[in-house]
Amino acid sequence: MFLKRKMNDSTSSYSDKILQIKEKIGEADAVVIGAGAGFSTSAGFVYNGERFEKYFSDFRKKYGFSDMYAGGFYPYKTLEKHWGYWCRYIYINRYMDAPKPVYQNLYDLVKEKDYFVLTTNVDHCFQKAGFDKNRIFYTQGDYGLFQCSEPCHKETYDNEDAIKKMVLSQGFQIKDGELQKPEDGEIKLTVPTGLIPYCPRCGKPMSMNLRSDQTFVEDEGWHQAAERYEKFIQDHKKQKIVFLELGVGYNTPGIIKYPFWQMTDKWQHAHYICLNYGQAYAPDEIKDKSVCVNKDIGGGYKETVMTQNSYRYFKNDQCKYYPCHKIEEGQDFNCLFCYCPMNCYEDCPGTPQYITRESGKRIKDCTNCTFPHIPENYDYIVKFLSEKMR
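So, how was this worked out
Residues numbered from 1 in each chain as written. Predicted model: local features only at pLDDT ≥ 70, side-chain atom pairs only at ≥ 80, totals over all residues. Heavy atoms only, no water. pLDDT = per-residue confidence, 0-100. Contact = heavy atoms within 4.5 Å. Axes fitted to C-alpha atoms, helices over the stretch in contact; angles between N-to-C directions. Helix = DSSP H or I, 4+ residues; strand = E, 2+ residues; numbered from the N terminus. Parallel < 35°, antiparallel > 145°, perpendicular 65-115°, else oblique. Left-handed = near helix turned anticlockwise from the far one by under 90°. Nonpolar A, V, L, I, M, F, W, Y, C, P; charged D, E, K, R; others polar. Buried < 20%, exposed > 50% of the residue type's maximum accessible area, 1.4 Å probe, protein only. Pairing = 2+ DSSP bridges. Salt bridge = Lys/Arg side-chain N within 4 Å of Asp/Glu carboxyl O. Core = buried A, V, L, I, M, F, W, Y, C linked by side-chain atoms within 4.5 Å. Phe/Tyr/Trp six-rings, centres within 6.5 Å; stacked < 30°, edge-to-face > 60°. Lys NZ or Arg CZ within 6 Å of the ring centre and 35° of its normal.

On to the confidence of the model for the protein chain. Overall, the prediction assigns the protein chain a mean pLDDT of 88, with 90% of residues at 70 or greater. Scored below 50 in pLDDT, residues 3–11 shows 16 contacts in the model against residues more than four places distant or in partner chains. For the stretch residues 304–310, pLDDT sits under 50, and the model shows twelve contacts to residues farther than four places along the chain or on other chains.

Turning to the packing of helix H5 (residues 79–95) against helix H8 (residues 160–169), a few remarks are in order. Packed helices, taken two at a time, are described by the angle their axes make and the gap between the axes. Between H5 and H8, the shortest axis-to-axis distance is 9 Å and the interhelical angle comes to 120°. It follows that H5 is oblique to H8 by the angle criterion. H5 and H8 meet at a crossing whose hand is left-handed. Contacts between H5 and H8 involve Trp-83, Cys-87, Arg-88, Ile-90, Tyr-91 and Tyr-95 from the first element and Glu-160, Ile-163, Lys-164, Met-166 and Val-167 from the second. The residue makeup of the contact of H5 with H8, split by class, is eight nonpolar, no polar and three charged.

Another point: the environment of Phe-243. Of note, Phe-243 is situated in strand E9 (residues 241–246). What makes Phe-243 buried here is its relative accessible area of 0%. For Phe-243 and Asp-176, which are 67 residues apart along the polypeptide, the C-alpha to C-alpha distance reads 36 Å. Ignoring any residue separated from it by four or fewer positions in sequence, one finds Phe-243 in contact with Val-32, Ile-233, Phe-260, Met-263, Thr-264, Trp-267, Ala-270, His-271, Tyr-272 and Ile-273.

With that out of the way, let us pick up the sheet that holds strand E5 (residues 156–158). Strand order in the open sheet formed by three strands is E5-E4-E8, with antiparallel pairing between adjacent strands. On the outer flanks of this sheet lie E5 and strand E8 (206–210), each paired with one strand and no other. Neighbour-to-neighbour, the strand axes of this sheet turn through a mean angle of 50°, independent of strand direction. For strand E4 (residues 141–148) and E8, the ladder comprises five bridges, and the chain directions are antiparallel. Across the sheet, residue Gln-147 finds its bridge partner in E8, namely Ser-207. Seen against the sheet, H5 touches E4 and E8 and runs at an angle of roughly 140° to E4.

With that settled, consider the pattern of salt bridges. According to the stated counting rule, one finds twelve salt bridges in the structure shown. The shortest N-O distance in the salt bridge between Asp-114 and Arg-135 comes to 2.8 Å. With Asp-114 in the loop between helix H6 (102–110) and strand E2 (115–119) and Arg-135 in the loop between helix H7 (125–128) and strand E3 (136–138), this residue pair connects regions lying 21 residues apart in the sequence. Here Glu-160 ties to Lys-164 by a salt bridge, and the two come within 3.2 Å at their closest N and O atoms. Remark: Lys-164 and Glu-160 occur in helix H8; sequence separation between them is four residues, near one turn of the helix.

Another aspect to go through is the nonpolar core. Ranked by size, the top nonpolar core spans 35 residues in total, and within it Phe-56, Trp-83 and Tyr-85 carry the most contacts. No other element matches the nine residues that H5 contributes to this core. Contact partners of Trp-83, with chain neighbours within four places excluded, come to Ile-90, Phe-146, Met-166, Val-191, Ile-196, Pro-197, Met-206, Ser-207 and Met-208.

Attention now goes to the packing of aromatic side chains. In the structure shown here, the tally under the stated rule is 37 aromatic pairs. Consider the rings of Phe-39 and Phe-126, whose centres lie 6.1 Å apart with planes at 25°: the pair is stacked. Of this pair, Phe-39 sits in helix H2 (residues 37–42) while Phe-126 sits in helix H7, placing them 87 residues apart in sequence. The class for Phe-39 is buried, based on a relative accessible area of 0%. The residue whose ring lies beneath Lys-62 is Tyr-63, and the NZ or CZ to ring-centre distance is 5.7 Å.

With that settled, the discussion passes to the sheet that holds strand E10 (residues 270–275). Across the sheet, which stays open at both edges, the six strands sit in the order E3-E2-E1-E9-E10-E11 with parallel pairing between neighbours. Of all the strands in the sheet, the pair left with one neighbour each is E3 and strand E11 (290–293). Ignoring strand direction, the axes of neighbouring strands in this sheet form an average angle of 10°. As defined by bridge partners, strand E1 (residues 30–35) adjoins E2 across five bridges and the pair is classed as parallel. Opposite Ala-35, over in E2, you have Thr-119 as the bridge partner. Across the face of the sheet, helix H1 (residues 14–27) comes into contact with E1, E9, E10 and E11 while running at roughly 130° to E11. Lying over the sheet, helix H10 (residues 257–266) contacts E1, E2, E9 and E10, oriented at roughly 145° with respect to E10.

Here's what the structure looks like:
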């Protein structure tokens, strides 16, 4: 039995680990990606705070819960109220894109490799990022599917049209795929009775296709994906294979984490890479075949990707001024916009201060602004400048 033991991050520097990750993935004949909830969290799919308040402040005021998970377990007294909550939950977590391009960056990293994805996430982010659906196994279901709540049969049903009708009935607007509240108008907490989904066979209420209890439906597509995954593993077990684990915790370690450890230990040419903030572990039995980065995935593997896409990310740590702004230890710092191209704009998205001289002239002071140096802000900066050039 493997022991859960934290690897010592001091054994090699962060940069050395990134180089090791690049080398192992580059040399691999196959890459098996195992993704858990932490991966979607790093992409911005958080279930509390500002994002919760934006879409569920009315539910918070009425029912008292303060995050989406709690709202999902609330015992609503009617199906109209139940689906009033769940239609929003499903739409923003399944049909809207993640706020950060973490999945897209991962796809850029492995798209030329022979890969397969094993994930407990149910938000469909892999396919939206471009991953081949025949190379993905969603073990725990999909927010985008309905099933009979009994269930009386082993089939699932696409729910996109139904969910869109529900959120629109509440008063929301959908613009460029985003769920938006109207400037004027009240948002309803319920949906019309006529939009409640029922099983086409037995007439019982439908539910989400999520593995929460024994009623979870493993339909034909689920079993086909399981078979493809097993075949991929067997076809590559004697080759150079990398098990890339991203954001996997200990809620369901038997699906991804423990099998990855066991296969890495058993197979001669296998290597294990784990990126997970606060939970980057590997057992002693495989530590010589493992690279663990105990850091937020958005920063942890991003540097691996960005060094392959230098137009998005560049770090010049040989510069005598590096870093030219105060940053936290281990924080990523993009030097691409060394002289900020937004300096001449007063409405820039950064956090400058203005100094007014006795003559009345205002001087823009960007000493404490790190906005252009944060890698995730690259796309926003390009969009901002493009709009200024129109």
